[in-house]
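Structural overview
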Amino acid sequence: EVQLVQSGAEVRESGESLRISCRGSGYSFNTHWIGWVRLVPGKGLEWMGSIYPGDSDTTYSPPLQGHVTFSVDKSSATAFLQWSSLKVSDTAVYYCARRFTVVRGIITTYAFDFWGQGTMVTVSS
Amino acid sequence: QSVLTQPPSVSGAPGQRITISCTGSNSNIGADYDVHWYQHLPGTAPKLLVYGTTNRPSGVPDRFSGSKSGTSASLAITGLQAEDEADYFCQSYDSSLSGFYVFGTGTKVTVL
């Protein structure tokens, strides 16, 4: 059974650092992209970027480039999302999700077929 | 930040058919990129409901169906059941600088 299990809720102050985790099991962790998606209260879901565990290749959403960092530890099949300096606007529920390739003719898109349970991050001023 | 627009809420009585719209633009849905749909119960992991616009993963009832036309997509739920009460999000790919994968604003489905 494919599972993504995330670390627990975190509370920080603005300017602090933080790393949250997402551990995969039940599939070949190294050969599937992991996406990070956040749910901001009242604003819906936002794709933050993705990482390929096999070689740590990363893609960041342009608005978040430079503010967050993705990494993986292949030995423990764990992906990480970290901030060096949190902002109040980072308050959200963060999800990791396994990327799934959808091919239709010459069109390739990607969905997310398995998700973690989410990590609530609260940042106060 | 969402570039795909959904109605905030849709409601229906048990057994009814409802549809949820997802309106995009020529850089995402209108560019012929597929649309995917997720069901989300607060506090739980989102669940992939429809992928590739019209396909259902194994285990998803055929009461859920997706379609697309022009710059919009729709998710239809027939034979509405109490367990369908949840938030629903659409997702596609966007070729503009706003980001690669874009989600809808989300729709809360209420079963009356």
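Data block above holds the structure.
Anyway, here's the lowdown on the structure attached to this text. Being a predicted model, the structure only gives us computed values, none of them experimental. (Residues numbered from 1 in each chain as written. Chains lettered and ligands numbered in written order. Predicted model: local features only at pLDDT ≥ 70, side-chain atom pairs only at ≥ 80, totals over all residues. Heavy atoms only, no water.)

Turning next to the sheet that holds strand β3 (residues 18–25) of chain A. All names here are of chain A. Across the sheet, which stays open at both edges, the 4 strands sit in the order β1-β3-β8-β7 with antiparallel pairing between neighbours. Every other strand in the sheet has two partners, leaving β1 (3–6) and β7 (69–73) as the edge strands with one partner each. Strand after strand, the sheet turns through a mean of 20° between neighbouring axes, direction not considered. (Pairing = 2+ DSSP bridges. Helix = DSSP H or I, 4+ residues; strand = E, 2+ residues; numbered from the N terminus. Axes fitted to C-alpha atoms, helices over the stretch in contact; angles between N-to-C directions.)

Let us look at the state of the cysteines. Residue and element names in this part refer to chain A. The tally for this structure, following the rule as stated, stands at 2 disulfides over all chains. Note that Cys 22 is cross-linked by a disulfide to Cys 96, the S-S spacing being 2.0 Å. Linking Cys 22 and Cys 96, the disulfide has an S-S dihedral of approximately 80° and is accordingly described as right-handed. Placement of Cys 22 in strand β3 and of Cys 96 in strand β9 (residues 92–104) is noted, with a sequence separation of 74 residues between them. Here Cys 22 and Cys 96 have matching classes, each one buried. (Disulfide = S-S within 2.5 Å. Buried < 20%, exposed > 50% of the residue type's maximum accessible area, 1.4 Å probe, protein only.)

Counting residues at the interface gives 27 residues for chain B, matched by 26 residues for chain A. Contact between chain B and chain A buries roughly 2200 Å² in total, counting both sides, with carbon and sulfur atoms accounting for 64%. Applying the counting criterion to the chain B and chain A interface returns 2 salt bridges. Between the two partners, chain B and chain A, sit 7 residue pairs in polar contact (both at pLDDT 80 or more). Secondary structure elements with two or more residues in the side of chain B that touches chain A: β3 (36–40), β7 (86–93) and β8 (101–103) of chain B. (Contact = heavy atoms within 4.5 Å. Buried area = accessible area lost by both parts, 1.4 Å probe. Salt bridge = Lys/Arg side-chain N within 4 Å of Asp/Glu carboxyl O. Polar contact = N/O pair within 3.5 Å; in protein donor to acceptor, adjacent residues only side chain to side chain.)

So, on to the sheet that holds strand β5 (residues 64–69) of chain B. Residues and elements named next belong to chain B. Pairing is antiparallel in the open sheet, where 3 strands are placed in the order β2-β6-β5. The open sheet has two free edges, formed respectively by β2 (18–23) and β5, since each of these has just one partner strand. Going across the sheet, the axis of each strand differs from the next one's by a mean of 20°, ignoring polarity. The pairing of β5 with strand β6 (residues 72–77) spans 6 bridges and is antiparallel.

Under the criterion given, the structure shown has 18 aromatic pairs over all chains. Considering the side-chain rings of A:Tyr27 and A:Phe29, the 6.4 Å spacing of their centres and the 55° angle between planes classify their relative orientation as tilted. The two residues A:Tyr27 and A:Phe29 agree in class, both being buried. Judged by centre distance (4.5 Å) and plane angle (20°), the rings of A:Tyr60 and A:Phe70 are stacked. Residue A:Tyr60 is found in strand β6 (residues 57–60), and its partner A:Phe70 is found in strand β7; the two are separated by 10 residues along the sequence. Ring pairing ties together the aromatic residues A:Trp47, A:Tyr95, A:Tyr110, A:Phe112, A:Trp115, B:Tyr33, B:Tyr38, B:Tyr93, B:Phe100, B:Tyr101 and B:Phe103, which thus form one cluster. Here the basic side chain of A:Arg99 rests over the ring of A:Tyr110, its NZ or CZ set 3.6 Å away from the ring centre. (Phe/Tyr/Trp six-rings, centres within 6.5 Å; stacked < 30°, edge-to-face > 60°. Lys NZ or Arg CZ within 6 Å of the ring centre and 35° of its normal.)

With that settled, the discussion passes to the layout of surface pockets. If a probe the size of a water molecule is rolled over the atoms, the empty space left behind becomes visible. The calculated volume of the largest pocket comes to roughly 200 Å³. As for the largest pocket, its lining consists of 13 residues, and the residues nearest its centre are A:Leu39, A:Gly42, A:Gly44, B:Asp87 and B:Phe89. Those elements that place two or more of their residues in the lining of the largest pocket are β4 (34–40) of chain A together with β7 of chain B. Residues that form the lining of the largest pocket fall into these classes: 5 nonpolar, 6 polar and 2 charged. (1 Å grid on protein atoms, 1.4 Å probe; cavity = no way out; pocket = protein on both sides within 12 Å on 5 of 7 lines; lining within 4 Å. Points joined across faces, edges and corners; volume = space filled by probe spheres on them. Nonpolar A, V, L, I, M, F, W, Y, C, P; charged D, E, K, R; others polar.)

A word on the nonpolar core. Burial of nonpolar side chains together is a common tendency in soluble globular proteins. Counting residues in hydrophobic clusters, the biggest one holds 27 residues, and the most contacted among them are A:Ile34, A:Trp36 and A:Leu81. Contributing elements (two or more residues each) for this core: β3, β4, β5 (44–52), β7, β8 (78–83), β9 and β11 (119–124) of chain A. (Core = buried A, V, L, I, M, F, W, Y, C linked by side-chain atoms within 4.5 Å.)

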